[in-house]
Amino acid sequence: QLQLEESGGGLVQPGGSLRLSCVVAVRNLDYYAIAWFRQAPGKEREGVAAISIAAITEFGESVQGRFTISRDNPKKTVYLQMNSLKPEDTARYYCAAKHRPWDLLAPLSADEYDAWGQGTQVTVSS
């Protein structure tokens, strides 16, 4: 079972920034699509961002223009840069992985991913 570990969460004021990291315990990250999801208490899980093996990205509507996703395959790490944070961004953030060597795109649907991390909490509050 693939292991993923998120880090970088914390408390930040509205308008601030955070960078989350997801380290994937895999021999070669090159052939994996990676996505970030989030879930706030009482709310459904939401797709935040995804990046394919070709570094093509997809973003949820609520974070478009504020968040970016990138990958560093030699470091086996995917990053989620979050800028202009809002209180409604408060949630637990999870990264997920799926072996997709044939697909230049990365889906933003949780059902497409079969390995998940434990999550990291992000709280946006003054």
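The structure under discussion appears in the preceding block.
None of the values given here were measured: they were computed from a predicted structure.

Draft legend 1. The overall build of the protein chain, seen in detail. The helix and strand inventory of the protein chain stands at 0 helices and 11 strands. What you see in the protein chain, going N to C, is helices and strands ordered as β-β-β-β-β-β-β-β-β-β-β. Counting only C-alpha atoms and orienting by the principal axes, one finds that the protein chain spans roughly 45 × 25 × 25 Å. Here the protein chain, with 126 residues, has 46% of them falling under the buried criterion. Within the protein chain, counting contacts between residues at least 6 apart in sequence, those at least 24 apart form 61% of the total.

Draft legend 2. View of unusual backbone geometry. Not every positive phi belongs to a glycine, and Ala55 is a case in point at roughly 65 degrees. Tracing the backbone shows Ala55 in the loop between strand E5 (46-51) and strand E6 (57-59). Note on Ala55: relative accessible area 45%, which makes it partly exposed. The backbone phi angle of Ser84 is positive, close to 50 degrees, even though this residue is not glycine. Positionally, Ser84 belongs in the loop between strand E8 (77-82) and strand E9 (91-99).

Draft legend 3. Spatial organisation of a nonpolar patch on the surface. On the surface, Ile56, Leu104 and Leu105 cluster together to form a nonpolar patch covering roughly 280 Å² of accessible area. Here Leu105 is to be found in the loop between E9 and strand E10 (115-116).

Draft legend 4. View of the side chain of Asn73. The topology assignment puts Asn73 in the loop between strand E7 (67-72) and E8. A distance of 2.9 Å separates a polar atom in the side chain of Asn73 from a polar atom in the side chain of Arg71.

Draft legend 5. Expanded view of the sheet that holds E7. Within the open sheet, the 4 strands sit side by side as E1-E3-E8-E7. Their pairing is antiparallel. The open sheet is flanked by strand E1 (3-7) and E7, the only strands paired with a single partner. On average, adjacent strands in this sheet sit at an angle of 15 degrees to one another, irrespective of strand direction. Bridging between E1 and strand E3 (residues 18-25) involves 5 bridges; their strand directions are antiparallel. Paired with Leu4 across the bridge in E3 is Val24.

Cut-off values and rules
Residues numbered from 1 in each chain as written. Predicted model: local features only at pLDDT ≥ 70, side-chain atom pairs only at ≥ 80, totals over all residues. Heavy atoms only, no water. Helix = DSSP H or I, 4+ residues; strand = E, 2+ residues; numbered from the N terminus. Buried < 20%, exposed > 50% of the residue type's maximum accessible area, 1.4 Å probe, protein only. Contact = heavy atoms within 4.5 Å. Patch = residues over 30% accessible without salt bridge, like charges linked within 9 Å, V, L, I, M, F, W, Y side chains within 5 Å. Areas by Shrake-Rupley, 256 points an atom, 1.4 Å probe, with all protein chains shown as cover. Salt bridge = Lys/Arg side-chain N within 4 Å of Asp/Glu carboxyl O. Polar contact = N/O pair within 3.5 Å; in protein donor to acceptor, adjacent residues only side chain to side chain. Pairing = 2+ DSSP bridges. Axes fitted to C-alpha atoms, helices over the stretch in contact; angles between N-to-C directions.

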